[in-house]
Structures are given as C-alpha cells and as structure tokens.
Amino acid sequence: MKFPTSFVRDKKPVLSIDSDTYKLICPKVIKFNNKCYRMYFSQEEKLKNHNINYTSIRSAVSKDSDNWLIEKGYRINFLSDNRFRRILSPTVIKINKDLYRMYFEARTFDNKGVIKSAVSNDGLMWNEDPGVRIGKFDNISYGSPFCLTGTNNQFELFFERRSKTTHDIWVAESFDGIFFDEKKIIPIIKQEMIWESYAIYSPDVSYLNNCYHMYYSGWGGDPVSGHILYAYSYDKRNWKKYKIPVLSPGGIYDQRHCSEPSFIKIGNKLKIFYEGCDNNKSWRILCAQKNQ
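Throughout, a residue's number is its position along its own chain's written sequence, starting from 1. Residues qualify for local features only when their pLDDT is at least 70, as the model is predicted, and side-chain atom pairs are given and counted only at 80 or more; totals for whole chains, interfaces and linings, by contrast, use all residues. To get the side-chain values, all heavy atoms of the structure are used, and hydrogens and water are removed first.

A look at the sheet that holds strand β14 (residues 199–207)
- At least two DSSP bridges between two strands are required for those strands to pair. Helical segments are the DSSP runs of H or I of at least four residues, strand segments are the runs of E of at least two, and each set is numbered from the N terminus. The antiparallel open sheet is built from four strands, whose spatial order is β14-β15-β16-β17. Looking at the sheet topology across the chains shown, the edges are occupied by β14 and β17 (240–241).

Concerning the pairing of strand β10 (residues 141–149)
- The element β10 is extensively covered by neighbouring structure, given that eight of its nine residues are classed as buried.
- Sheet topology note: the β10/strand β11 (residues 155–162) ladder contains seven bridges and is antiparallel. Bridging from a neighbouring strand, T149 pairs with F155 of β11. Only protein chains enter the accessibility calculation, which uses a 1.4 Å probe. A residue is then buried if its area is under 20% of the maximum for its type, exposed if over 50%, and partly exposed in between.

A word on the environment of D235
- Within the fold, D235 resides in the loop between β16 (225–233) and β17.
- Separated by 198 residues in the primary sequence, D235 and Y37 place their C-alpha atoms 29 Å from one another.
- Definition of a polar contact: a pair of N or O atoms within 3.5 Å, with one able to donate and the other able to accept a hydrogen when the atoms are protein atoms, and with sequence-neighbouring residues admitted only if both atoms are side-chain atoms. In terms of polar contacts, D235 uses its side chain to reach the backbone amide nitrogen of R237, at 2.9 Å.
- Side-chain polar atoms of D235 contact the side chain of N238, separated by 2.7 Å.

Note that all results are geometric; they support no functional claim without further evidence.
Here is the structure:
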C-alpha cells in the first residue's frame, strides 16, 4: 500500500456528547494490551461566562475497536505551569512492560504551544514529566506530536511547527525520549497544495508493507476546511505526497471539517479515527475504514 484507496465512513460516531458545551477532538488509538484498545482524546469545554476554551485529556476503552466506552475522570486535567489551559493531541508509547509515556501539546490561552510529556504505569493515572520536550515560548509554537520508537532506544518525534507565516511538519530525535535537540530538528512536510494552504499538522506515522505511511491534517481551500492527507516514505525523511485527500468533508458528521487522523491496522482492516465537525459546529470522534 503506497497510495490509499477510499476509506468508508462509519454510519455512526465513535464518541459523541450531546452538548453545545463540549467538543471531542484529537483522538489517538493504540492497542493497549491483549485485552483492549485505548483511545486518548482531548475534551474541550467552553467556560461559562468566558469567551475561552479549556481542554483536558480523557480516554475511552474498547475490546474490538468498534464499541467504545468513555472512561471516568481525566487522564490529564491540569499542569504544574498554570499558564497552560489547553492540553491537546495526546500520543502514547510503551517504554517497557510497566511504563508508558504520553506526549502532548500544552497551549496557553494566547495560543503559545509547546510539547510536554507524562508517564504512567497503568495508562490511567499520569504524572507530568518536568520541563518541556520541544518549545521555548518564543515566536514559534509546537504541537500535535507523534512518537516512533526504534532500535537502540531511539525516539523520533514528528510534530507541527508553526509561525505567523507557516504551519509545517518537522521531526526531532532523542536517545532517552526526554531531551530533543531543537537545533537539529528538520522539516519533512511543507505546505504546497491547496488543501495545505492554511496549515498542516497532526502527523500519524506507521510502518506497513516495507514502507512508512503518514496520515496528517491539511487545512485550506475557500472556505478553509480540514482534510486528511497522506504521504509515504522509505526513510522517514523524504516523503511523497498523495495528490488528493484521503478524507474530505462531506459526511453527516464531518460536513465542515475532518482532521487529526489516528491510523491503526486491526486484523485485515485499516482504520482511521479522526475528529469531525458538522454544520452545527458539533465536534465528535469518527472512524473511516477499509479492508486491506
């Protein structure tokens, strides 16, 4: 699979809350263990009497990846630095048998974003790691991380780097998952197509059939709308883009936008979980799939 065929939308949302107060966004699905799949996602809440949004990380669990149950409580609700009020785009990797690490975007109310991390022994209770993985609170913001682990304890972090004029996808490397040298980060996907004219972000990278596959968000067009795009690579540095979106707005629940893809292969099925926005500006977690 170098160029994806059409994904078919599920008829019903994966996760939905019937409320104008909440948005369900930024899903990331992993096979947590032999018994279940777990989805981490962001829940955005509009604060009463304030024109601001507060965002936290929650989770849902499933035995078959089709039927999901939202788990009680929050996975990450507050951070030690109280400037951060939006916690977005969680991605989770397994460090060893009993330890997981989550990377996520921490954003201030004035949209300054950095990438932070947290650790957990059970996937439910998370402890914030000290410091920042990527970002320095300057004119550049970082977000929507995705981490790949390889041999020799190597970590590769793919993420959005955004300035006033560009929103591109970059990559950084680390040997401990904590220190990423910002002087050595490199761009790998740049804004080029009409679907990307406003922004590209939220990379999701997988290895399948001797090739690396990236699904990512592209926003552009007139009016601006969110799409899910695709690229492939053999070395994770040079990427060939598919010329048209894999998913574009047009379903019942994503008439306005579809964004933040999470790709996973389950049996002979390929699934993309993503956030969708309908014409009523309701945001839900959706899924599209196809047989391999």
